[in-house]
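Observations on chain architecture
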Amino acid sequence: MKIGITCYPTYGGSGVVATELGIELASRGHQIHFITSSQPFRLTGREANIHFHEVSVATYPLFEYPPYDLALATRMAEVADFYSLDLLHVHYAIPHSVSALLASQMLETHSLLARRRRLPFITTLHGTDITLIGLDPSYLPITRFAIERSHGVTAISQHLAERTREAFGVTGEIEVIRNFVNCDLYVRKPELVAQMRPQFATPDEALLVHLSNFRPVKRVTDVIEVFARVARALPARLMLIGDGPDRSAAEHLALRHNVQDRIHFLGKQDNVNELLPLADLMIMPSQMESFGLAALEAMASSVPAIATRVGGVPELIDDQINGLLFPIGDVEAMATAAIAILNDRPRLEAMALSARRTAQDRFCASSIIPLYEDYYSRVLDRMD
Ligand code: GMT
């Protein structure tokens, strides 16, 4: 198939999923056309079967806000027409599904190649496009309209599908296709761990990790609160991977607790798959997670997560089996549990094994990508 993919190309779970999906589909022989504002950060630009089309937005002194959505719709229509795309797959509803709807309608009435053609588009809902920013009255009606007009809609968890029905009143079919991970890439390799871990912790220290875009929804300051309590109880270090608006709040809190020297503020990293397996535990105390891709990547790397019981997280983490779940903000309970399990190595190892098994049995790219392929075929069949 020839598939156009649009996503946010910089940091963020939806961009990661969209890019990894494109890479996996390309490796299975599909022609993938990324139509994005810049090259998705996980692409090298040298992958076979992957093409990148940059959306450039013309500015004009009159424009207080340059209309990216219109430039995107135009580029989608051009690329679809020129390369005879079978479908568009947009990730994150705002504004991508609205642009895709426009592109699809443009091609129905006027094609550059002077032939009318149908361009189905599929919208994948990822989370904050529904649970947070999508609820804003300035976006909700148009987002609902574009979701309803999509030729196919997928959600990354059952929870998100239900939220979309409740909050948006969407009545049409929403296919649940959960997040996935490349289980060959995200895997603990003991020789690599032996080589790299000494850069971050000594053998007697526990190593914790947090990975996110440091937005308020991630509650990064709770990570510091938990870690400060752990570091008072046992020798420990923390790797913070990622960057974003709450990084300086995290730094200030680390100073206040006097644990700044025990924390590696690593910023944005490309080799997350090499860093995650170095840790003993992940901390993901989010206010909301429609799925929790970061926890899945950790689990595939044999690192169980201490997380909050929110959104779609319980669809991934079985409390006490392959991770531990807590109410939002209960940093005392999270710290107590972290200390207990770090002091009980056999239990930690059993949980790490179970975390890896969960990723392998249910969330490997090898089993999730065919679900997307099958869904594409069903949507295309419906168009005939
Ligand atoms: O808010 C974010 O963390 C970014 C957001 C995105 O769309 O980029 O992440 C969402 O999509 C991820 C991939 O599908 C999910 O694993 C995350 O749980 C989800 N984040 C939230 O729901 C807060």
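Residues numbered from 1 in each chain as written. Predicted model: local features only at pLDDT ≥ 70, side-chain atom pairs only at ≥ 80, totals over all residues. Heavy atoms only, no water.

1. A look at the site of the ligand
Surveying the vicinity of the ligand reveals 18 residues, the closest of which are Ser 14, His 126, Asn 179, Lys 218 and Glu 289. A distance of 2.7 Å separates an oxygen atom of the ligand from a polar side-chain atom of Asn 179. Here Phe 291 contributes a backbone N or O atom positioned 3.1 Å from an oxygen atom of the ligand. Expressed as a share of its isolated accessible area of 480 Å², the protein-covered part of the ligand is 94%. Counted by class, the shell around the ligand contains 6 nonpolar, 10 polar and 2 charged residues. There are two domains that each give the shell around the ligand at least three residues, and those are domain 1 (2-180 + 365-383) and domain 2 (190-362). (Near = heavy atom within 4 Å. Polar contact = N/O pair within 3.5 Å; in protein donor to acceptor, adjacent residues only side chain to side chain. Areas by Shrake-Rupley, 256 points an atom, 1.4 Å probe, with all protein chains shown as cover. Nonpolar A, V, L, I, M, F, W, Y, C, P; charged D, E, K, R; others polar. Domains from an automatic or database assignment.)

2. Digging into the sheet that holds strand 9 (residues 236-241)
Pairing within the open sheet is parallel, and its 6 strands lie in the order 10-9-8-11-12-13. Edge positions in the sheet fall to strand 10 (263-267) and strand 13 (323-326), since each of these pairs with one other strand and no more. Sheet twist, expressed as the mean angle between neighbouring strand axes with direction ignored, is 20°. In this structure, strand 11 (residues 281-284) lies alongside strand 12 (residues 305-308), joined through 3 bridges in parallel fashion. (Pairing = 2+ DSSP bridges. Helix = DSSP H or I, 4+ residues; strand = E, 2+ residues; numbered from the N terminus. Axes fitted to C-alpha atoms, helices over the stretch in contact; angles between N-to-C directions.)

3. A word on a nonpolar patch on the surface
There is a patch of nonpolar side chains on the surface, built from Tyr 60, Leu 62 and Phe 63 and spanning about 360 Å² of accessible area. Locating Phe 63 in the fold gives a position in the loop between strand 3 (50-54) and helix 2 (68-82). Classification of Phe 63 by relative accessible area gives partly exposed; the value is 37%. (Patch = residues over 30% accessible without salt bridge, like charges linked within 9 Å, V, L, I, M, F, W, Y side chains within 5 Å. Salt bridge = Lys/Arg side-chain N within 4 Å of Asp/Glu carboxyl O. Buried < 20%, exposed > 50% of the residue type's maximum accessible area, 1.4 Å probe, protein only.)

4. Thoughts on unusual backbone geometry
Between Ile 94 and Pro 95 the backbone carries a cis peptide bond, its omega angle lying at -15°. Phi is positive for Asn 49, close to 70°, though the residue is something other than glycine. Relative to the helices and strands, Asn 49 resides in the loop between strand 2 (31-36) and strand 3. Classification of Asn 49 as partly exposed rests on a relative accessible area of 25%. Located in the positive-phi region is Tyr 92, a residue other than glycine, with phi close to 80°.

5. Here's the deal with the state of the cysteines
Here the structure, examined in full by the defined rule, presents 1 disulfide. At a sulfur-sulfur separation of 1.9 Å, the disulfide partner of Cys 183 is Cys 364. Sign of the S-S torsion, about -110° for the bond between Cys 183 and Cys 364, identifies this disulfide as left-handed. Here Cys 183, found in the loop between strand 7 (175-176) and helix 7 (190-196), pairs with Cys 364, found in the loop between helix 13 (345-362) and helix 14 (365-383); they are 181 residues apart in sequence, far enough to count as distant. Given the relative accessible area of 8%, Cys 183 is considered buried. (Disulfide = S-S within 2.5 Å.)

6. Remarks on the domain arrangement of the protein
Along its sequence, the protein is carved into domain 1 (2-180 + 365-383) and domain 2 (190-362). Relative to domain 2, the C-alpha centre of domain 1 lies at a distance of 31 Å. Counting residues at the interface gives 19 residues for domain 1, matched by 13 residues for domain 2. Of the roughly 1,400 Å² buried between domain 1 and domain 2, counting both surfaces, carbon and sulfur atoms make up 59%. For the pair domain 1 and domain 2, the interface holds 2 salt bridges. (Contact = heavy atoms within 4.5 Å. Buried area = accessible area lost by both parts, 1.4 Å probe.)

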